[in-house]
Number of protein chains: 4
Amino acid sequence: MSKTRLEAFSDGVIAILITILVLELKVPPGSDWQALRSMLPTFLIYVLSFVFLGIYWNNHHHMCQAAERVNGKILWANLHLLFWLSLVPFVTAWMGQTKLSPLPTAIYGVVLICAALAYTILQTAFMSAHGPNSRLRAAVGNDYKGKFSLACYAAAIPLSFIVQWAAVGLYIFVVLIWIVPDPRIESRLP
Amino acid sequence: MSKTRLEAFSDGVIAILITILVLELKVPPGSDWQALRSMLPTFLIYVLSFVFLGIYWNNHHHMCQAAERVNGKILWANLHLLFWLSLVPFVTAWMGQTKLSPLPTAIYGVVLICAALAYTILQTAFMSAHGPNSRLRAAVGNDYKGKFSLACYAAAIPLSFIVQWAAVGLYIFVVLIWIVPDPRIESRLP
Amino acid sequence: MSKTRLEAFSDGVIAILITILVLELKVPPGSDWQALRSMLPTFLIYVLSFVFLGIYWNNHHHMCQAAERVNGKILWANLHLLFWLSLVPFVTAWMGQTKLSPLPTAIYGVVLICAALAYTILQTAFMSAHGPNSRLRAAVGNDYKGKFSLACYAAAIPLSFIVQWAAVGLYIFVVLIWIVPDPRIESRLP
Amino acid sequence: MSKTRLEAFSDGVIAILITILVLELKVPPGSDWQALRSMLPTFLIYVLSFVFLGIYWNNHHHMCQAAERVNGKILWANLHLLFWLSLVPFVTAWMGQTKLSPLPTAIYGVVLICAALAYTILQTAFMSAHGPNSRLRAAVGNDYKGKFSLACYAAAIPLSFIVQWAAVGLYIFVVLIWIVPDPRIESRLP
């Protein structure tokens, strides 16, 4: 089974997700500065989710490039990742429309942590399909960044119920540490 | 006529369908646990339809890979399959928003059975375009799983009007038996 | 300039259009047979537009296959065609939600005739980019079917204000004469 | 890193954006000429945004064709451009639904100017990844058209608060000067 179609399908789904996010940016009821100001929290979460999906596309892309083969398990692990990513527009809209209320902010974190776990599962499926000395395995290494992100999400979820802005801050922090394409893999590519 | 563009178009349509499903997950009017709990049936159907479309993508992918050529009849049979799949977001939304009412649950089954029949027609069109000793024909075999799924759908439709949860259970059951990529074809691929 | 990316972009846009049509199928307010029956005209137009877009994809595909090169003029003629096709979900929704009222039925015809003219312009742009003895030019021939369709649309638009069902009948008639992939081009392909 | 997947992802996102624009064309509440006439400003902005996105696709396409390699910086500059383009359906809907009110018209200009700046940044990132004598660098030249467009947008934003139709006129003017594919690059391609 070729990895081309897996890449094309994943690219397609992520491209659609990143684009339909905008459909959840509801037109404000009015055309004055007040209407624009009321969109600020929604817009902030929109930017966050956009970058978040961009990072997944980027890292997914790097991982696929280092991979050499694909099997049935990888295909389902990939669909599992896409499932959690597919919920991003929904939680983004919920969080935005409720002006960053505690529960939606926590659920946003739950979707993020599930997507991160799904990515880890996909990464493991890719690695077990390649030998112990493969380029991919060497490139992923200890995956400190991945584990650290999971810890941040795990902290942000309960924090949402106490100081939701701190939770949002943690989400932004995770986005910032990932914004650079993964040097672990890139540096090992020809 | 090349099969590449057929694959690309089908992949595109299925990727969009699986993604716009999320647009039917309406943001609940509230931000408390009650609002979240009220989304449970909708969410369940969302997961079901997501996996269902994922299975079609997967099997379509395997069938195209085993195929060697494409003709006008295959093209229309493929569009016919995509038509029934295109109704999935609609019936998912209807079933979710009416909390799994009898009629929408039955119509969900009607769309599933029509999609399954369309897939069978497409499979037949593919097979008749290939010789009797083709890899594809050998790979499909007796298609017990396909026939069994049709029987399950046929049972679920009337069942929807009596105990709709049993119908939903049958849909979940069919999804479970298909979740593994079709070994009939995969095992015969190089 | 390669024709691959033109094909990919057009396929992408048509695949998205054919898919987002379903987003205009609004969930009916109710879950009984009455609710389902009230969807019939909407559903009929949905099917019509789906097949209509499928035919464009199909013929566009055949034309691109016969083509050998692409230039700036073709690119804009193609975007012009996509523009008219992009209005299909809107007119479909309007016609469906107003239960086939005269004006929306006429506007549906206007969009169809503009799309057909845009296709003719694109076809001409393709032909002038190829020599007088090209495979494409020979394949298109007199384009009787295209001219006949234009005449049907031109008749259907005023007819919408008198007997709108006759106009809908004409649209269905045009769809039926196009449902077979264009043999003029296909028969000349290797 | 290959430029193929960057092109495919960008094409995908722009194709989806240009298509979901139509979802913001809300069906008018009525089926008479009055309902149709009330859609005129919305429709005008729809056409403008459609052509605007078409131009970006076109120029992006030409730039990618002249490019020979891609790096991490280009990837993020590209995502940055897609971010601003992704806001086009939102500002189009806002401007259309408020019948070209001053503030939405100005914000439309802000999104246009940010997209133009993002394109310039992407162009610079592409050029710095290629040598001083590269085909791309020679092709872009002084980019008078790009700088002139930026000046037009900068003038249109304050103008929106005084005579919004003049601002809309400036947007149309910029679209007109770009509608021809960039001869600077095209003429230098083989």
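First things first, this report covers the structure right here in the doc. (Residues numbered from 1 in each chain as written. Chains lettered and ligands numbered in written order. Predicted model: local features only at pLDDT ≥ 70, side-chain atom pairs only at ≥ 80, totals over all residues. Heavy atoms only, no water.)

**A word on the overall build of chain A**
Here is step 1: When helices and strands are counted, chain A shows 10 helices and zero strands.
Here is step 2: When the elements of chain A are put in sequence order from the N terminus, they spell out α-α-α-α-α-α-α-α-α-α.
Here is step 3: Each of the three principal axes of chain A carries a C-alpha extent, and together these read 60 × 30 × 25 Å.
Here is step 4: By residue count, 62% of the 190 residues in chain A fall in the buried class.
Here is step 5: When the accessible surface of chain A is split by element, carbon and sulfur atoms take 69% of a total near 7,000 Å². (Helix = DSSP H or I, 4+ residues; strand = E, 2+ residues; numbered from the N terminus. Buried < 20%, exposed > 50% of the residue type's maximum accessible area, 1.4 Å probe, protein only. Areas by Shrake-Rupley, 256 points an atom, 1.4 Å probe, with all protein chains shown as cover.)

**As for the nonpolar core**
Here is step 1: Phe126 of chain A, Phe126 of chain B, Leu85 and Phe126 of chain C together with Phe126 of chain D are the most contacted members of the largest nonpolar core, which totals 310 residues.
Here is step 2: Excluding residues within four positions of it along the chain, phenylalanine 126 of chain A makes contact with Leu6, Met63, Cys64, Ala67, Arg69, Val70, Ile74 and Leu136 of chain A. (Core = buried A, V, L, I, M, F, W, Y, C linked by side-chain atoms within 4.5 Å. Contact = heavy atoms within 4.5 Å.)

**Examining the relation of the copies chain B and chain C**
Here is step 1: The two copies are related by a screw operation: chain B maps onto chain C through 90° of rotation and 0.0 Å of translation along the axis, at an RMSD of 0.0 Å. The two molecules are tied by a four-fold rotation axis, judged by turn and shift.
Here is step 2: The residues that chain B uses at the interface reappear at the interface of chain C in only 7% of cases, marking distinct surfaces. (Least-squares fit on C-alpha atoms with pLDDT ≥ 70 in both.)

**Some thoughts on the relation of the copies chain A and chain B**
Here is step 1: Screw-axis analysis of chain A against chain B gives a translation of 0.0 Å along the axis, an RMSD of 0.0 Å, and a rotation angle of 90°.
Here is step 2: Mapped onto chain B, only 7% of the interface residues of chain A again fall at the interface, so the copies present different surfaces.

**Notes on the interface of chain A and chain B**
Here is step 1: If you look at the interface, chain A gives 30 residues, while chain B gives 37 residues.
Here is step 2: Buried area between chain A and chain B, summed over both chains or domains, comes out near 2,800 Å², and the portion from carbon and sulfur atoms is 77%.
Here is step 3: When residues of chain A are sorted by the area they lose upon contact with chain B, Arg5, Phe9 and Trp76 of chain A head the list and together hold 28% of the total.
Here is step 4: At the junction of chain A and chain B, the tally comes to zero salt bridges. (Buried area = accessible area lost by both parts, 1.4 Å probe. Salt bridge = Lys/Arg side-chain N within 4 Å of Asp/Glu carboxyl O.)

**Describing the state of the cysteines**
Here is step 1: Counted under the stated rule, the structure contains zero disulfides over all chains.
Here is step 2: Distance from the sulfur of cysteine 64 of chain C, which forms no disulfide, to the nearest cysteine sulfur (cysteine 64 of chain B) is 20 Å.
Here is step 3: The class of cysteine 64 of chain C is buried, set by a relative accessible area of 1%.
Here is step 4: Free cysteine: cysteine 114 of chain D, not disulfide-bonded; nearest cysteine sulfur from cysteine 152 of chain D at 16 Å.
Here is step 5: A relative accessible area of 18% places cysteine 114 of chain D in the buried class. (Disulfide = S-S within 2.5 Å.)

**Some points on the side chain of histidine 60 of chain D**
Here is step 1: If you trace the backbone, histidine 60 of chain D turns up in helix α3 (residues 40-66).
Here is step 2: Relative accessible area serves as the criterion here: at 1%, histidine 60 of chain D is assigned to the buried category.
Here is step 3: When near neighbours in sequence (up to four residues on either side) are disregarded, histidine 60 of chain D contacts Arg5 of chain C together with Ser10, Asn78, Leu81, Tyr119 and Leu122 of chain D.

**What about unusual backbone geometry?**
Here is step 1: Of note, the phi angle at leucine 100 of chain A is positive, near 60°, even though the residue is not glycine.
Here is step 2: Considering the arrangement of structural elements, one finds leucine 100 of chain A in the loop between α5 (88-97) and α6 (102-129).

**Here we look at the arrangement of the chains**
Here is step 1: Across all C-alpha pairs, the smallest distance from chain A to chain C is 10 Å, and the two are not in contact.
Here is step 2: With no contact between them, chain B and chain D keep their nearest C-alpha atoms 10 Å apart.

**A short note on the packing of helix α6 (residues 102-129) of chain B against helix α8 (residues 144-159) of chain B**
The angle between the axes and the distance between the axes are what describe a pair of packed helices.
All names here are of chain B.
Here is step 1: Interhelical geometry of α6 versus α8 gives an angle of 160° and a closest axis separation of 9 Å. On the basis of the axis angle, α6 is roughly antiparallel to α8. Between α6 and α8 lies a crossing whose hand is left-handed. On α8, the residues touching Ala106, Gly109, Val110, Leu112, Ile113, Ala116 and Leu117 of α6 are Leu150, Tyr153, Ala154 and Ile157. (Axes fitted to C-alpha atoms, helices over the stretch in contact; angles between N-to-C directions. Parallel < 35°, antiparallel > 145°, perpendicular 65-115°, else oblique. Left-handed = near helix turned anticlockwise from the far one by under 90°.)

**Here's the deal with a nonpolar patch on the surface**
Residues and elements named next belong to chain B.
Here is step 1: Residues Leu44, Trp165, Ile172, Leu176 and Ile179 make up a contiguous nonpolar surface patch of about 450 Å² in total accessible area.
Here is step 2: For the nonpolar patch, the leading source of residues is helix α9 (residues 164-178), giving three residues.
Here is step 3: Assignment of secondary structure puts leucine 176 in helix α9.
Here is step 4: Given a relative accessible area of 52%, leucine 176 falls into the exposed group. (Patch = residues over 30% accessible without salt bridge, like charges linked within 9 Å, V, L, I, M, F, W, Y side chains within 5 Å.)

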